[in-house]
Each structure stands twice: as C-alpha cells, then as structure tokens.
Amino acid sequence: MERTFLAIKPDGVQRGLVGEIIRRFETKGFTLVALKFMKVSKELAEQHYDVHRERPFFAGLVEFITSGPVVAMVWEGEGVVASARKIIGATNPLTSEPGTIRGDFGISIGRNLIHGSDAIETAQREIALWFKDDELVSWQPHLTPWLKE
C-alpha cells in the first residue's frame, strides 16, 4: 500500500490546526501509520530540504522548520501521495483552492502550514529520514472494506 510523509509545520501547530488537519486525512479514508510531535534538529531540517540547498531560500526553510514543534506523520492508502497533495493545496496559499488546507488556512508561502511528499520516491526518502522502521505501525481499520470497490 502506498505511503506518504506529511509534516504540520510550526505555524500549523502554533495556530491550533493539528486536529483539523489530521481530521481531513482521516475523513478521506487514509490510515495513519506513524505520528511524532517533535522539535526538528538543524541536521534533520538540512537533510529534509537538501534538494533546495543551493537555493537562496534554503536557510529560511531550515530556520522556520526548526523554530517550533512539528507534527510528523506517515499516512497510507491507495493514491495517498497525489491525493494528499490535493488536500494540502498549492504551495502558495494565495493561489490555493478553497477547501484545501492551505486555501482555507494558509497565509503566505513562508507560512503554508504543512509539508507533503510530492512523489512516491520522495515519500519513501522522507519517511526513512523522519521515522525508524519500528515506528511505522501497519494495521487495518475496520472501515477499510467500506472504502474499496
């Protein structure tokens, strides 16, 4: 089953949106398989944003993600990577559709509440970076048969 990595960033935590964000993924029918409330180290932040290392905004990304607590999660489900990206909305909240997390609650690109893996390969790398194998819990909710054809 496909998995994706999501992280509620410090602005989402500080604004009390953790429950609302988790609710949206549960309501969609995805299965939560890992969850951590944590302070991100500079080392982890730099590894996570390594693809942007040469860009001028790299230091700002690292500074922001380490500025407060984060909720790191792994979600599982059919097509979860692409579907999560739709639930999250466009990177810039000002152009994100109403009904998406960023469209409903986002303020700016620098304060866009949540990170979501952009591809299956990225999700695999990010999950391995943020979680140990024994922190991932495989299970099947009782509602699973009601979500499949």
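Calculation rules
Residues numbered from 1 in each chain as written. Predicted model: local features only at pLDDT ≥ 70, side-chain atom pairs only at ≥ 80, totals over all residues. Heavy atoms only, no water. Helix = DSSP H or I, 4+ residues; strand = E, 2+ residues; numbered from the N terminus. Polar contact = N/O pair within 3.5 Å; in protein donor to acceptor, adjacent residues only side chain to side chain. Contact = heavy atoms within 4.5 Å. Salt bridge = Lys/Arg side-chain N within 4 Å of Asp/Glu carboxyl O. Buried < 20%, exposed > 50% of the residue type's maximum accessible area, 1.4 Å probe, protein only. UniProt positions renumbered as here; feature names shortened; annotations may be inferred. Phe/Tyr/Trp six-rings, centres within 6.5 Å; stacked < 30°, edge-to-face > 60°. Lys NZ or Arg CZ within 6 Å of the ring centre and 35° of its normal.

Draft legend 1. Quick look at the side chain of S117. Note that S117 resides in the loop between β4 (114-116) and α7 (120-130). At 2.5 Å, the side chain of S117 forms a polar contact with the side chain of E126. If sequence neighbours within four positions are ignored, S117 has contacts with T4, F5, V81, R85, T122, A123 and E126.

Draft legend 2. View of the pattern of salt bridges. A complete count under the given rule lists 7 salt bridges for this structure. For R24, the salt bridge is made with D104, and the minimal N-O distance between the two is 2.9 Å. Taken together, the positions of R24 in helix α2 (residues 18-28) and D104 in helix α6 (residues 101-105) put the pair 80 residues apart, joining distant regions of the chain. The partly exposed category is assigned to D104, whose relative accessible area is 36%. The closest approach of N and O atoms between D50 and R53, which form a salt bridge, is 2.7 Å. Exposure remark for D50: the relative accessible area of 39% places this residue in the partly exposed category. Residues joined in a network through salt bridges with shared partners are E20, R23, R24 and D104.

Draft legend 3. Quick look at the UniProt feature "domain: Nucleoside diphosphate kinase-like" (unreviewed entry) in the protein. Under the local residue numbering, the UniProt record ascribes the feature "domain: Nucleoside diphosphate kinase-like" (unreviewed entry) to residues 1-138. For residues 1-138, the helix share is 41%, the strand share is 19%, and the end-to-end C-alpha distance is 10 Å.

Draft legend 4. Seen up close, the packing of aromatic side chains. Here the structure, examined in full by the defined rule, presents 3 aromatic pairs. Between F5 and F131 the ring centres are 6.5 Å apart and the planes differ by 65°, which places this aromatic pair in the edge-to-face class. Of the two residues, F5 sits in strand β1 (residues 3-8) while F131 sits in the segment after α7, which places them 126 residues apart along the sequence. Accessibility expressed as a relative area gives 0% for F5, which makes it buried. By way of ring pairs, the aromatic residues F5, W130 and F131 are connected into one cluster. The ring centre of F131 lies 4.8 Å from the NZ or CZ of K36, which sits over that ring.

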